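Letter by letter, the chains look like this.
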Amino acid sequence: MFSHSIEIQASAERVYRLYADPTTWSQWDPAVLEVCLPAGLRVGSAGWLRAQGGPRTRVHIHHVSDAQSFTVASQLPGCKMLFGHTLKAVAGGVRATHTLSFAGPLAFVFRRLLGSKIAQTLPAALQGLKSMSETHVHA
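The following refers to the structure shown.

1. A word on the packing of helix α1 (residues 12-20) against helix α4 (residues 122-135)
Okay, so step 1: Running from N to C, α1 and α4 point in directions that differ by 120°, and their axes come no closer than 9 Å. As the angle between them shows, α1 and α4 are arranged oblique. Handedness of the α1/α4 crossing: right-handed. From α1, R14, V15, L18 and Y19 reach across to α4, where they touch L129, M132, S133 and T135.
Okay, so step 2: In terms of residue class, the contact of α1 with α4 is built from 5 nonpolar, 2 polar and 1 charged.

Here's what the structure looks like:
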């Protein structure tokens, strides 16, 4: 598993509002160009995501715990790629942690082929999330 964390001086509810609105993902995550999740951030919700330098990829919401965490999954041949997003209260705000993991019989192949490259995008996404959470007012 690949993981990166950052501390954000904002409430979990404020940060989670950005997570809960997929139309903002491309604003705080420079690796995300477009997202379409018509049913929103709910377990089972399906749509697509287009990352920088990649094609549209089918995704679905695998897990949601309001104001705490959610996981986006994408199916690869013989493997599921999982992007976890977790918020934990700390003094003065929250610690946001993004993870990338692979599950299934071919997980080791995709972890080796894609893992490090995708994991390099986690710090910039978290920095963007921090910046938006600390400086913007969300409805």
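2. Some details on the pairing of strand β3 (residues 46-51)
Okay, so step 1: Both strand β2 (residues 32-36) and β3 contribute to a ladder of 4 bridges, which runs antiparallel. The partner of V35 across the bridge, within β3, is L49.
Okay, so step 2: Between β3 and strand β4 (residues 56-65), which follow one another and run antiparallel, lie 4 residues, and G53 among them has a positive phi close to 75°.

3. Some remarks on the nonpolar core
Okay, so step 1: In this structure, Y19, W25 and L129 are the most contacted members of the largest nonpolar core, which totals 26 residues.
Okay, so step 2: Those elements that place two or more of their residues in this core are β1 (2-8), α1, α2 (25-28), β2, β4, β5 (69-76), β7 (93-103) and α4.
Okay, so step 3: Element by element, the count of residues in this core is highest for α1, at 5 residues.
Okay, so step 4: Those residues within four positions of L129 in sequence are excluded, and the remaining contacts are I8, V15, L18, Y19, W28, A96 and H98.
Okay, so step 5: With 8 residues, the next largest nonpolar core counts L76, C79, M81 and A107 among its residues.

4. Focus on the side chain of D29
Okay, so step 1: Relative to the helices and strands, D29 resides in the loop between α2 and β2.
Okay, so step 2: Here D29 occupies a buried position and makes no salt bridge, while the nearest side chain of opposite charge, R50, is found at 13 Å.
Okay, so step 3: Engagement of the side chain of D29 in a polar contact is seen with the backbone nitrogen of A31, the distance being 2.9 Å.

What counts and how
Residues numbered from 1 in each chain as written. Predicted model: local features only at pLDDT ≥ 70, side-chain atom pairs only at ≥ 80, totals over all residues. Heavy atoms only, no water. Axes fitted to C-alpha atoms, helices over the stretch in contact; angles between N-to-C directions. Helix = DSSP H or I, 4+ residues; strand = E, 2+ residues; numbered from the N terminus. Parallel < 35°, antiparallel > 145°, perpendicular 65-115°, else oblique. Left-handed = near helix turned anticlockwise from the far one by under 90°. Contact = heavy atoms within 4.5 Å. Nonpolar A, V, L, I, M, F, W, Y, C, P; charged D, E, K, R; others polar. Pairing = 2+ DSSP bridges. Core = buried A, V, L, I, M, F, W, Y, C linked by side-chain atoms within 4.5 Å. Buried < 20%, exposed > 50% of the residue type's maximum accessible area, 1.4 Å probe, protein only. Lys, Arg positive; Asp, Glu negative; His and termini not counted. Salt bridge = Lys/Arg side-chain N within 4 Å of Asp/Glu carboxyl O. Polar contact = N/O pair within 3.5 Å; in protein donor to acceptor, adjacent residues only side chain to side chain.

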